[in-house]
Amino acid sequence: MSATRLLVLGVVRMHGRAHGYLVRSELLSWGADEWAHIKFGSIYHALRQLAKEGLLKSTDIPDWPGRVDYEIVPMGEEEFFRLLRDALRQGNNRPVMLGAALVLLPALTREEAIGLLRERIASLSAEQGELIAKVDQSAGEQPQRAHIRELLGLWEHSAAAQADWTRALIERLEAGAYVMAGE
């Protein structure tokens, strides 16, 4: 799953019609160049690839040589929502995917976002349980490899912290934070 793909689809969807510079400007305003490590060229590559896959419609602008405008098509909408939902519900995804999902969260209804975040907590809890079991299993390992348990412990604590943060986000959403789709 690609954060760039999700973000580019999301920006084009948000604007209705967008060209590469507009997509880049929007992503820069979100700081995505820092937290998602999106490069200028990858935006244009993503736009062309998404158009090639039939997820975006491209239109050359005759009065502006070299400029191409993009619009999301129904299949692109489906892909956008699939990526967004998966990024929210999966506990073990990369922080970049979660970041992309969070900046696009208002595209969902409040109820759907809360439901997906509850799925995320379940995923994180299962992940945490698996990591605790691995830490316990590694307790009897060779002394020269005992330090590897620290990595598993780090991941287990990270899953627990993410679950706590997700619960707090659900509480904020239930209290009416943010303007969501349909509101």
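Refer to the structure above for everything that follows.
The model shown is predicted, which means the values in this text are computed figures rather than measured ones.

### Some points on the environment of Gly115
By secondary structure assignment, the location of Gly115 is in helix H7 (residues 110-138). For the pair Gly115 and Ile170, spaced 55 residues apart in sequence, the C-alpha to C-alpha distance is 8.9 Å.

### Quick look at the sheet that holds strand E2 (residues 56-60)
Spatially, three strands are ordered E1-E3-E2 in an open sheet, and the strand pairing comes out antiparallel. Across the chains shown, the open sheet's two edge strands, defined by having one partner strand only, are strand E1 (18-19) and E2. Across five bridges, E2 lies against strand E3 (residues 68-72) in antiparallel orientation. Within the sheet, the bridge partner assigned to Thr59 lies in E3 and is Asp69.

### Quick notes on the packing of helix H1 (residues 3-15) against helix H2 (residues 20-29)
The interhelical angle for the contact between H1 and H2, taken along N-to-C directions, is 105°, at an axis separation of 10 Å. Relative to H2, the element H1 is oriented roughly perpendicular. Side by side, H1 and H2 meet where Leu7, Val8, Val11, Val12, Met14 and His15 of the first sit next to Leu22, Val23, Glu26 and Leu27 of the second.

### With respect to the environment of Glu174
Structurally, Glu174 can be placed in helix H8 (residues 148-174). Counting along the chain gives 64 residues from Glu174 to Arg110, while the straight-line C-alpha distance between them is 7.9 Å. The residues touching Glu174, leaving out its near neighbours within four places in the chain, are Ile114 and Arg118. One polar contact links Glu174 to Arg118, side chain to side chain, over a distance of 2.5 Å.

Quick notes on the rules
- Residues numbered from 1 in each chain as written.
- Predicted model: local features only at pLDDT ≥ 70, side-chain atom pairs only at ≥ 80, totals over all residues.
- Heavy atoms only, no water.
- Helix = DSSP H or I, 4+ residues; strand = E, 2+ residues; numbered from the N terminus.
- Pairing = 2+ DSSP bridges.
- Axes fitted to C-alpha atoms, helices over the stretch in contact; angles between N-to-C directions.
- Parallel < 35°, antiparallel > 145°, perpendicular 65-115°, else oblique.
- Contact = heavy atoms within 4.5 Å.
- Polar contact = N/O pair within 3.5 Å; in protein donor to acceptor, adjacent residues only side chain to side chain.

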